[in-house]
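Coordinate inspection notes
Listed below are the residues making up each chain.
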Amino acid sequence: QVQLVESGGGSVQAGGSLRLSCAASGRTFASMAWYRQAPGKEREFVAGIIWSTNTRYADFVEGRFTISRDNARNTVDLQMNSLKPEDTAVYFCAADPGFQFATLIRGSMQYWGKGTLVTASS
């Protein structure tokens, strides 16, 4: 049975940093990604990685976030620096056996975690 479990969320002051981690179990995936959903807004793509080094970021990331994965541990991390109040959201990890960035950006991923809350206060 596939499971994705996120950790690392919390509350920080604006300008601070957090590192989110997602542990996958049950199988390995070509594609893994992070999404977020702020209160009253739709879920949006944040960052994705295919295999080990092919990455994509949403425009609003502006170089502040870095996605990485450890295939041996079957984990994907999101290092978030220079957090802004508008980054406040529930962050979700997702995984898919496919390897098309269009799939990641569209959010058409097969497996999803339950999310972890990130709050950046001014």
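In what follows, the accompanying structure is described. (Residues numbered from 1 in each chain as written. Predicted model: local features only at pLDDT ≥ 70, side-chain atom pairs only at ≥ 80, totals over all residues. Heavy atoms only, no water.)

**Quick look at the overall build of the protein chain**
- Per the secondary structure count, the protein chain includes one helix and eleven strands.
- The linear arrangement of helices and strands in the protein chain, starting from the amino end, is β-β-β-β-β-β-β-β-β-α-β-β.
- For the protein chain, the C-alpha radius of gyration of 13 Å lies close to 14 Å, the compact-globule estimate for 122 residues.
- Taking the principal axes of the C-alpha coordinates as reference, the protein chain spans close to 40 × 25 × 25 Å.
- Buried positions account for 44% of the 122 residues belonging to the protein chain.
- Contacts in the protein chain between residues far apart in sequence, at least 24 positions, make up 59% of those at least 6 positions apart. (Helix = DSSP H or I, 4+ residues; strand = E, 2+ residues; numbered from the N terminus. Rg over C-alpha atoms; globule rule 2.2 N^0.38 Å. Buried < 20%, exposed > 50% of the residue type's maximum accessible area, 1.4 Å probe, protein only. Contact = heavy atoms within 4.5 Å.)

**Section: the pairing of strand S7 (residues 65-70)**
- Burial of the side chains of S7 is restricted to one face: Phe65, Ile67 and Arg69 are buried, whereas none of Thr66, Ser68 and Asp70 on the reverse face is.
- In terms of strand pairing, S7 meets strand S8 (residues 75-80) through six bridges, oriented antiparallel. By the bridge assignment for S8, Thr66 is matched with Gln79.
- The turn joining S7 and S8, which pair antiparallel and follow one another in sequence, is formed by four residues; a positive phi near 60 degrees is taken by Asn74. (Pairing = 2+ DSSP bridges.)

No statement about biological role is implied by the geometric values presented.
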